[in-house]
Amino acid sequence: QEIFAAWCGGDPLIVAASDVRRDLELLGELIAREHIARLFLPTVLLQQLAERYWDDPARLESLRHIIVAGEALPLCNGDGAAELAFSFRHDAFADH
């Protein structure tokens, strides 16, 4: 899905190394440096990014689409994940 979306949109495909995926600082730096606009990630990582960058969102300002896979995205648990992603949210199961 991630590869297909990049190819169809004519966007570069950037795959973060495993150490970057485990380090929120490195991931934030990668998003900012590469001006990543579309991000595919599991719900738990979105929650962690939201907690880390809630008060300092500048590194994430290039993001335009956040695609969350796995668990449902809690809309009101106070960690900022829903607020961060709300304008990007598309529930793939809502149409079924």
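Since we're looking at a predicted model, the values are computed, not measured. (Residues numbered from 1 in each chain as written. Predicted model: local features only at pLDDT ≥ 70, side-chain atom pairs only at ≥ 80, totals over all residues. Heavy atoms only, no water.)

1. Topic: unusual backbone geometry
Phi is positive for His35, which is not a glycine, with a value near 50°. Locating His35 in the fold gives a position in the loop between α3 (24-33) and β1 (38-42). (Helix = DSSP H or I, 4+ residues; strand = E, 2+ residues; numbered from the N terminus.)

2. A word on the pattern of salt bridges
Per the counting criterion, the structure on display carries 3 salt bridges. Glu25 is paired through a salt bridge with Arg52; the nearest N and O atoms lie 2.4 Å apart. Here Glu25 is found in helix α3, whereas its partner Arg52 is found in helix α4 (residues 43-53), with 27 residues between them in sequence. The class of Arg52 is partly exposed, set by a relative accessible area of 28%. (Salt bridge = Lys/Arg side-chain N within 4 Å of Asp/Glu carboxyl O. Buried < 20%, exposed > 50% of the residue type's maximum accessible area, 1.4 Å probe, protein only.)

3. Some points on the packing of aromatic side chains
This model, assessed by the stated rule, comprises 0 aromatic pairs. Across from the ring centre of Tyr53, 4.3 Å away, lies the NZ or CZ of Arg52, which sits over that ring. (Phe/Tyr/Trp six-rings, centres within 6.5 Å; stacked < 30°, edge-to-face > 60°. Lys NZ or Arg CZ within 6 Å of the ring centre and 35° of its normal.)

4. A closer look at the pairing of β1
Residues Leu39 and Leu41 line the buried face of β1, whereas the alternating positions Arg38, Phe40 and Pro42 sit on a face that is not buried. Note: β1 against strand β2 (residues 65-69), 5 bridges, orientation parallel. Residue pairing for β2: Arg38 is matched across the bridge by His65. For the handedness criterion, the β-α-β arrangement of β1, α4 and β2 is classed as right-handed. (Pairing = 2+ DSSP bridges. Right-handed = clockwise from strand over helix to strand, strands pointing away.)

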